[in-house]
Amino acid sequence: MIARNLWTALIAMVILPCSMVSANESVLSFDGGEGHGKGKKIVLISGDEEYRSEEALPMLAKILSQHHGFQCTVLFAINPEDGTIDPNNQTNIPGMEALKDADLCILMTRFRNLPEADMQILDDYLKAGKPIIGIRTSTHAFNIPKDAKFGNYSWSNNGGFGKKVLGETWVNHHGRHKGESTRGVINEAEKDNPILSGVDDVWGPTDVYGIRSLPDDAKVLMYGAVLTGMKPEDKPLEGAKNDPMMPIVWTMPYQWEGGKQGTSVCSTFGSAIDFVNEDGRRLIVNAAYDLVGLEDKITPDLDVTIVGDYEPSFYGFNAFQKGLKPADFQGK
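Residues numbered from 1 in each chain as written. Predicted model: local features only at pLDDT ≥ 70, side-chain atom pairs only at ≥ 80, totals over all residues. Heavy atoms only, no water.

Enquirer: Any chance you could explain helix α4 (residues 116–127) here in plain terms?
Expert: Because an α-helix completes one turn every 3.6 residues, residues spaced three or four positions apart along the sequence face the same direction. Counted at 1.5 Å a residue, the expected span for α4 with its 12 residues is 16 Å, and the 16 Å between its end C-alpha atoms agrees. Listing the buried residues of α4 in full gives D118, M119, I121, L122, D123, Y125 and L126. Lining the buried residues of α4 we find β4 (104–109), β5 (132–135), α5 (160–166) and β9 (246–255). With its phi angle positive at about 75°, G129 sits one or two positions after the end of α4. (Helix = DSSP H or I, 4+ residues; strand = E, 2+ residues; numbered from the N terminus. Expected span 1.5 Å × (residues − 1). Buried < 20%, exposed > 50% of the residue type's maximum accessible area, 1.4 Å probe, protein only. Contact = heavy atoms within 4.5 Å.)

Set out below in structure tokens:
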């Protein structure tokens, strides 16, 4: 028996590296240092075809870990054959088990259809009422057949996860895509919200998303003014597009089916190129503090400086950097 087991192990050592990618190679981990977030764990899940979440989330993870002490794990859509990051692969995001002991999930996915075992982990997380931040396309994070076990997550199933957890699903491009950029306008009624602390200048070249309706208990923190062009100095459009302006950042209580109540923050502002904007990054860092119970530690000058190099790709389908692996973002 011992000899047979040894032989099996030897075969696995020879075959496995050629036929599959290990889980450790598919995720990116940053140990938390000193800071208010020490001892707390954040899992950041990328996986969208257009807005370069695979570039944005490692950058945010470095800020949260190295400036603020959070332990951060970043997950990616992975080509299982060669281990490269492939945002067009909608069915494979290794490492979802990291959510089991996470204090916060930051989600930036689009139209994913993950295996049942992975969806079960997310389902358990949400039913536990744990906090979540959804960025941009996370309003339509999943596209799962309605008759599947987790078909209730699909954006096309009465709004699915996006509507029930974040407050809205996919509606439309309210601003003209790649033609009308976004200026953040703070909701005066919520100007003292901790998530807005130090947030004064939000601008990004990604357009405003349309919002059909938000739940009554959603608190809109910021609206998006549609600008006439793609420069921060461009003026807001006159007319119906900005009357009224669409919400772009809000927070709300959620309660997933059969679970406890939790809290979500949604920002439809947030492609990788948007996060060149300092206060765009500050929104996410402040929200992370707020959702894990550190709201009393939020100050207007929390460090949101970028760690290392960050030269994000402009958004677009099939515009991702080919051939990269998660480890390539370790030192960038």
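Enquirer: For this particular structure, what's the right way to read the nonpolar core?
Expert: Here is a general trend for soluble globular proteins: nonpolar side chains tend to be buried in one another's company. L99, I106, L126, I133, F142, Y153 and F161 are the most contacted members of the largest nonpolar core, which totals 90 residues. Setting aside chain neighbours within four positions, we find I133 in contact with L104, C105, I106, L107, V265, I284, A287, A288 and L291. (Core = buried A, V, L, I, M, F, W, Y, C linked by side-chain atoms within 4.5 Å.)

Enquirer: Is there a simple way to explain the pairing of strand β2 (residues 41–47) in this structure?
Expert: Residues in a regular strand point their side chains to alternate faces of the sheet. With 7 of 7 residues buried, β2 lies mostly within the body of the structure. Residues K41, V43, I45 and G47 line one face of β2 and the alternating positions I42, L44 and S46 line the opposite face, and both faces are buried. In terms of strand pairing, β2 meets strand β3 (residues 71–75) through 5 bridges, oriented parallel. Following the sheet pairing, I45 is matched in β3 by L75. For the crossover from β2 across helix α3 (residues 53–67) to β3, the handedness is right-handed. Pairing geometry for β2 and β4, over 6 bridges, is parallel. Bridging across to β4, S46 finds its partner in M108. (Pairing = 2+ DSSP bridges. Right-handed = clockwise from strand over helix to strand, strands pointing away.)

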